[in-house]
Amino acid sequence: MSVKLDVIPAEAGIQYLAATASAVHNAAEELTMVTLYRYPFAAMGSRCEIRLYASSEETAAACARAAIDDVLRLETKYSRYRDDSVTAAINRVAQAGGAIDVDAETATLLDYAAACYEQSDGLFDLTSGVLREVWSADRRELPDTDTLQRLLARVGWSKVRWQRPRLVFGFPGMEIDFGGVVKEYAADRAATLCAEAGFRHGLIDLGGDIKIIGPHPDGTPWAVGIQHPRIKEAVMATLDLFEGAIATSGDYERFVEIDGRRYSHILSPRTGMPVCGLAGVSVAAPECVVAGSATTIAMLMEDRGAQWLDEVGLPHVWMDQQLRVGGTYA
Amino acid sequence: MGAISPRLAALTAAAMALPGVHARAADAPGEHPWGVDATHLEYSESGNRMRVRVNQASAVVPIGESFQLKANGIQDLMSGASPVFNAPGPGGKTQQVLTGASVFDNRKAGDIGASAAIGDNQLTLRQGWSKENDYKSTWTSLEGKRDFNRKSTTLAVGFAFSNDGVSSHDAPDDFRTRIKRDFFGGVTQIIDERSLVELSLEYSYSNGFLSDPYKLVFVQSAGLLRDARPGRRRQTAVTVKYLTYVPAIDSSLQAVGSLSTDNWGIGSGALELQWKKELPGEWLVNAGARYYTQSSADFYAPLYLTPPGDAHSSDYRLAGFGSIGWIAGVTKQLTPNFSVQIAAERSYRRAGLRSGGTGIDADNYIWGLYLVTLQARF
Amino acid sequence: MLQSDAPGLERTHMRMRRSRLNARFGIAALAAIGVIAVTPTARSLTNGDPAPACSARLLDGGRAVSLAEYRGQVVYLDFWASWCGPCRESFPFMNELQRDLADRGLQILAVSVDKTAEDARRFLARYPAQFTVALDVAAACPSAFQLQGMPSSYIIDKGGAVRAVHAGFRNRDRAEIRQQLLDLLGGGAK
Amino acid sequence: MTLAARLIVIAAVVALLANAGCATVQPWERGTLAKPVMAMEEPAHETAQKLRTYSAKEGGAAATGVGGGGCGCN
């Protein structure tokens, strides 16, 4: 079986394959040298940074720009201070009492917040923002109990009816705040944007909530230092992270000082008072949004925080008021 | 991720629904990727003899889970002088005479093939062509592979045959034909957790015009005769390849030894040793040496003092000689889909290293090649 | 279901060549190769066999987890390693199973036979797992299950019996595996 | 016994030795064998081009697989 063919079919083929060869060759040239590019920016009231390993400034800058735009989009969309935000629109209806239909992204955030509410026995509550009316930064003495009772009457996720896409407030005076979820959600999205653009090595850091895109190019993990809750420059623990995310909460970030005692900005929807349990907690999880809500719930659980973290089973580290350290990374 | 507690399962499930929280895993090439390989190679010899510039490109397209179509294209641009015959030189030392004008030739070759994987068996059929102005060839090959013992043993058998036509510059349309039949059997066996061995046997026979139209022989009293080799050639070769991983140096060592013999009286042996190491950042480096030796063909002589018999040749490739050379290469996986490889080899031929028969120092020379290959797998 | 390989070459292939082959060479050479004795393989697990005991160390936190803990649940037990090519495709599939069937009682246990946790982590950095991952450096479980290939996955019913064995992973296995799990999990089709 | 037959006997002995010496390596014990440096198959283009150079420059044959074609390289 031998075929006599004078016209070589490969002739056209060779030209085509040779052309692809040189095109592919140039692409390879460009990809050989990988350097680390850093893009610091401010968002959601904290210092943020995107770190990307890329072969060229342009590709890194393009991805960082897209990621930062998405973070700023979410900041504007769920900001408590802007009156054109979705939060403001919801709160206008909540203030008067009534119903509002929300967009798909907000709906999934509400579903997620509902899951956190159930898993924290009601402590992780989007409606506890009302308590801020009394716990402003310049507060000098403890509020009296009946002011707290009046405020607590207007707090409670259970008092809201949520049937996708409709959110119904049975009576006036309530308020919603996505603050406990949006920052970590934005970190996840930013990392996904860069990963799907082909980046394998880098991380997203939004004010200490970190989502890893991938380890260093040589495969070694990122070393993440957890700030010591009482000593500013010291580190409570350092973790090696190949992937996933880590979030941190503590009573040291924003707090109010009243006759010598420190009161955290995290308010309990049950007592209306600032929580007093763990001094600082960090949790690691595949998703930054899960890590973030786990740290917030652990703080809200006060003295049952460490036990709740064991129940969840995610890797974590905490420090209590007596500066004792515990958790899987201890 | 530790055991998934009910609490974590609920939180994770809800987080999954959030748009954009999880990147789709990078689609690295799967089990049957389609791929393109593109190579540029430069070959050159000392004493500005032959130079060859090669461009090769190949593509593999999977069809379903068990079929593959393959295509391959090669273009060679050959130039430079090459030896024609040997003549007595000053002081009784034989010297080599090369072609005067720079020979220029453009060879195009290609092949298409299909392979089918059925269970542990794989069957590959390839049909190829090669064309240059004084040489035409079409060839067909069929190869079967089968895995045994849960893939610790692989047996391969195959055969190929080609029909070639050889002409020359002064009679470009007068093609004299020859055929070649090639039989191959090989077994690869895992020996232990760190080593494997491969044994291959090959038998080939060629009939027809086996001489080289561009080679002459110098006969003391009769002047120049054309290269005339027997019309029949039988070759048998065995090759053993041993590959083992050495944890102490986190590298693999590879030894490839082969022996061959034929009815023209040429016995050859080759031994190649290589060291390969993977470096962090997806680099792979290899380095090694290759030793080769052969005895001369029975009918070979650098030049003839008396009229030779029917079969006679002074072709430097039928002489007795040996060569020693180095091998080096580096491969870098640029992204999950792209990798680039650079390889080089340089070989120093010495008549003194022959394993028998006659060979002249005039034939000593150095050849070297380097290639750059780009691989894309999607 | 994988059968152990029958020794010997395809008969048809040999007869076609012998006629034209130089007899003296062909037979002797291939006989030399054919003599490779085929080592008998231990009987591998088949449907209905009780799943052997198997325990491994969780990748995070290091707690030992054993198959028996999941008695009463349908278990998808997968043996993988960072050096195993097809595992790259099985992980996204297992993530899908986790998302779709975890709340109906499916428990996925992916046991790595890597020699170090570091190798396993590096794989997970590129192919994230949203299911339970454990490490069995001593490879006690794979020998108990007499794996036929890598990766290998076993579907174990609520009573602890092996109901399906999949050696290797090909994309076309996905539908079959999902259906086998659905049959065991019961309830409507998801 | 012709040289070819003698070669085959050597091959048979080597094949026997190769088999006798090996313990069964279980599928899950093949981590080292899966390393890139342990790939028996070398890159296709490099192999093809080197084999073509050896066959063009050397008189011996190397039994490393069925490669068709050849050239009138001189």
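Residues numbered from 1 in each chain as written. Chains lettered and ligands numbered in written order. Predicted model: local features only at pLDDT ≥ 70, side-chain atom pairs only at ≥ 80, totals over all residues. Heavy atoms only, no water.

Draft legend 1. Highlighting the overall build of chain A. Helix and strand counts for chain A come out as 8 helices and 15 strands. In chain A, once contacts between residues fewer than 6 apart in sequence are set aside, the share between residues at least 24 apart is 59%. Of the roughly 14,500 Å² of accessible surface on chain A, a fraction of 55% belongs to carbon and sulfur atoms. (Helix = DSSP H or I, 4+ residues; strand = E, 2+ residues; numbered from the N terminus. Contact = heavy atoms within 4.5 Å. Areas by Shrake-Rupley, 256 points an atom, 1.4 Å probe, with all protein chains shown as cover.)

Draft legend 2. Representation of the interface of chain B and chain D within the structure. With 89 residues of chain B at the interface, the matching set in chain D holds 51 residues. Both sides of the chain B and chain D interface together cover about 5,800 Å² of buried area, and 59% of this is carbon and sulfur. For chain B, the biggest contributors to the area lost against chain D are B:Arg150, B:Glu193 and B:Arg317; these three give 10% of the whole. The tally of links from chain B across to chain D stands at 7 salt bridges. (Buried area = accessible area lost by both parts, 1.4 Å probe. Salt bridge = Lys/Arg side-chain N within 4 Å of Asp/Glu carboxyl O.)

Draft legend 3. Summary view of the state of the cysteines. Across all of its chains, the model carries 3 disulfides over all chains by this definition. Bridging A:Cys63 to A:Cys194, the disulfide has an S-S length of 2.1 Å. Since a negative S-S torsion denotes a left-handed disulfide, the A:Cys63-A:Cys194 link at about -130° is left-handed. A residue pair is termed long-range when its members are at least 10 positions apart, and A:Cys63 in helix H2 (residues 57-77) and A:Cys194 in helix H6 (residues 179-196) qualify at 131 residues. Accessibility expressed as a relative area gives 8% for A:Cys63, which makes it buried. The partner cysteine of C:Cys84 in its disulfide is C:Cys87, sulfur to sulfur 2.1 Å. Residues C:Cys84 and C:Cys87 are joined through a disulfide that is right-handed, its torsion about the S-S bond being 95°. Look at C:Cys84 and you get buried, because its relative accessible area is 4%. (Disulfide = S-S within 2.5 Å. Buried < 20%, exposed > 50% of the residue type's maximum accessible area, 1.4 Å probe, protein only.)

Draft legend 4. A look at the interface of chain C and chain A. In this assembly, 9 residues from chain C lie in contact with 7 residues from chain A. Between chain C and chain A, a total of about 650 Å² is buried, with carbon and sulfur atoms accounting for 66% of that surface. The interface formed by chain C and chain A contains 0 residue pairs in polar contact (both at pLDDT 80 or more). For the side of chain C that touches chain A, a count of residues per class yields 3 nonpolar, 1 polar and 5 charged. (Polar contact = N/O pair within 3.5 Å; in protein donor to acceptor, adjacent residues only side chain to side chain. Nonpolar A, V, L, I, M, F, W, Y, C, P; charged D, E, K, R; others polar.)

Draft legend 5. Broad picture of helix H4 (residues 104-119) of chain A. All names here are of chain A. If you check H4, its first and last C-alpha atoms are 23 Å apart, about what 16 residues at 1.5 Å a residue would give, namely 22 Å. Along H4, 12 of the 16 residues are buried, which leaves the element largely enclosed by surrounding structure. Among the residues of H4, Glu105, Thr106, Ala107, Thr108, Leu109, Leu110, Tyr112, Ala113, Ala114, Ala115, Cys116 and Gln119 are the ones counted as buried. Here H4 starts with a cap whose side-chain oxygen sits 3.1 Å from the backbone nitrogen of Glu105, and that cap is Asp103. Looking one or two places after H4, you find Asp121, whose phi comes out positive at around 50°. (Expected span 1.5 Å × (residues − 1).)

Draft legend 6. Inspection of the environment of B:His22 at higher detail. Tracing the backbone shows B:His22 in the loop between helix H1 (6-17) and strand E1 (35-45). Residue B:His22 is classed as partly exposed on the basis of its relative accessible area, which comes to 24%. Every residue in contact with B:His22, bar those within four places of it in the chain, is listed here: A:Thr192, A:Glu196, A:Pro286, A:Glu287, B:Met16 and C:Gln130.

Draft legend 7. Expanded view of the packing of helix H7 (residues 288-300) of chain A against helix H8 (residues 305-312) of chain A. All names here are of chain A. One way to put it is that H7 packs onto H8 with a least axis distance of 7 Å and a crossing angle of 145°. Every pair of crossing elements has a handedness; the one defined by H7 and H8 is right-handed. On H8, the residues touching Ala294, Ile297 and Ala298 of H7 are Gly305, Trp308 and Leu309. The residue makeup of the contact of H7 with H8, split by class, is 5 nonpolar, 1 polar and no charged. (Axes fitted to C-alpha atoms, helices over the stretch in contact; angles between N-to-C directions. Left-handed = near helix turned anticlockwise from the far one by under 90°.)

Draft legend 8. Quick look at the packing of aromatic side chains. The final tally for this structure, using the stated rule, is 21 aromatic pairs over all chains. Ring plane angle 35° and centroid distance 6.3 Å describe the contact between A:Trp135 and A:Tyr263, whose orientation is recorded as tilted. Note that A:Trp135 is positioned in the loop between H4 and helix H5 (145-152) and A:Tyr263 in strand E12 (residues 261-264), a separation of 128 residues in sequence. Residue A:Trp135 is classed as buried on the basis of its relative accessible area, which comes to 8%. Take A:Tyr263: its relative accessible area is 10%, and that puts it in the buried class. On the numbers, 4.9 Å between centres and 75° between planes, the contact of C:Trp80 with C:Phe91 is edge-to-face. In this pair, C:Trp80 sits in strand E3 (residues 74-80) while C:Phe91 sits in helix H3 (residues 87-101), placing the two residues 11 residues apart along the sequence. Judged by relative accessible area, which is 0%, C:Trp80 ranks as buried. (Phe/Tyr/Trp six-rings, centres within 6.5 Å; stacked < 30°, edge-to-face > 60°.)

Draft legend 9. Just the confidence of the model for chain A, in detail. Residue and element names in this part refer to chain A. Predicted confidence across chain A gives a mean pLDDT of 85, with 90% of residues reaching 70 or more. Per-residue pLDDT, averaged within each element of chain A, yields its smallest value for helix H1 (residues 10-31) (47) and its largest for strand E6 (residues 202-206) (95). In the predicted structure, residues 1-18 sits below a pLDDT of 50 and forms 26 contacts with residues beyond four places in sequence or in another chain. (pLDDT = per-residue confidence, 0-100.)

Draft legend 10. How the structure looks around a nonpolar patch on the surface. Residues and elements named next belong to chain B. Where nonpolar side chains cluster on the molecular surface, the patch consists of Trp34, Val61, Ile63, Phe67, Leu69 and Phe378 and spans about 570 Å² of accessible area. Elements with a minimum of two residues in the nonpolar patch: strand E2 (51-63) and strand E3 (67-80). Looking at the secondary structure, you find Trp34 in the loop between H1 and E1. Taking relative accessible area as the criterion, Trp34 reaches 41% and is therefore assigned partly exposed. (Patch = residues over 30% accessible without salt bridge, like charges linked within 9 Å, V, L, I, M, F, W, Y side chains within 5 Å.)

Draft legend 11. Just the nonpolar core, in detail. Counting residues in hydrophobic clusters, the biggest one holds 83 residues, and the most contacted among them are A:Ile50, A:Tyr112, A:Trp157, A:Leu167, A:Phe178 and A:Val290. Dropping the residues within four chain positions of it, A:Leu167 is found in contact with A:Ile90, A:Gly98, A:Ala99, A:Ile100, A:Leu110, A:Trp157, A:Val160, A:Arg161 and A:Trp162. C:Tyr70, C:Phe93, C:Ala110 and C:Phe145 belong to the second-largest nonpolar core, a separate cluster that totals 55 residues. (Core = buried A, V, L, I, M, F, W, Y, C linked by side-chain atoms within 4.5 Å.)

Draft legend 12. The arrangement of the pairing of strand E1 (residues 35-43) of chain A in detail. Residue and element names in this part refer to chain A. Sheet topology note: the E1/strand E2 (residues 46-54) ladder contains 9 bridges and is antiparallel. For Arg38, the partnering residue across the bridge sits in E2 and is Arg51. Hairpin connection from E1 to E2: 2 residues lie between these consecutive antiparallel strands, with Met44 at a positive phi of about 50°. (Pairing = 2+ DSSP bridges.)

Draft legend 13. Up close: the side chain of B:Gln254. Along the chain, the position of B:Gln254 falls in strand E15 (residues 251-262). Taking relative accessible area as the criterion, B:Gln254 reaches 4% and is therefore assigned buried. A polar atom in the side chain of B:Gln254 sits 3.0 Å from the side chain of D:Glu42. Other than its neighbours up to four places away in sequence, B:Gln254 contacts B:Lys241, B:Tyr242, B:Leu243, B:Glu272, B:Leu273, B:Gln274, B:Lys276 and D:Glu42.

Draft legend 14. The arrangement of helix H4 (residues 117-126) of chain C in detail. Turning to H4(C), its buried residues are C:Ala120, C:Phe123, C:Leu124 and C:Ala125. The inward-facing, buried residues of H4(C) contact E3, H3, strand E4 (106-112) and strand E5 (132-135) of chain C.

Draft legend 15. Summary view of the confidence of the model for chain C. Residues and elements named next belong to chain C. For chain C, per-residue confidence averages 75 on the pLDDT scale, and 73% of positions sit at 70 or higher. Confidence scores differ between elements of chain C, with helix H1 (residues 11-18) showing the lowest mean pLDDT of 28 and E3 the highest of 95. For residues 1-41, every residue scores under 50 in pLDDT, and the model assigns this stretch 65 contacts once sequence neighbours within four places are set aside. The ipTM for the predicted assembly is 0.66, set against a pTM of 0.68.

Draft legend 16. Quick look at the pattern of salt bridges. All names here are of chain A. Tallied over the entire structure, the rule returns 51 salt bridges over all chains. Here Arg80 makes a salt bridge to Asp177, at a shortest N to O gap of 3.2 Å. Residue Arg80 is found in the loop between H2 and helix H3 (86-96), and its partner Asp177 is found in the loop between strand E5 (166-169) and H6; the two are separated by 97 residues along the sequence. Since its relative accessible area comes to 12%, Asp177 is described here as buried. Asp84 is the partner of Arg82 in a salt bridge, and the nearest nitrogen-oxygen pair spans 2.9 Å. Judged by its relative accessible area of 39%, Arg82 falls in the partly exposed class.

Draft legend 17. How the structure looks around the sheet that holds strand E13 (residues 278-285) of chain A. Residue and element names in this part refer to chain A. The strand order E1-E2-E6-E7-E10-E13-E14-E15 describes an open sheet built from 8 strands, whose pairing is antiparallel. On the outer flanks of this sheet lie E1 and strand E15 (325-326), each paired with one strand and no other. The sheet contact formed by strand E14 (residues 316-320) and E15 spans 2 bridges and is antiparallel. Across the sheet, Trp318 pairs through a bridge with Gly326, a residue of E15.

Draft legend 18. Inspection of unusual backbone geometry at higher detail. Following A:Arg164, the chain continues to A:Pro165 via a peptide bond in cis, the omega torsion being -5°. Its location among the elements puts A:Pro165 in the loop between strand E4 (160-163) and E5. You will see that A:Met44, though not glycine, has its phi angle at about 50°, which is positive. For C:Ala139, which is not glycine, the phi dihedral falls at a positive 55°.

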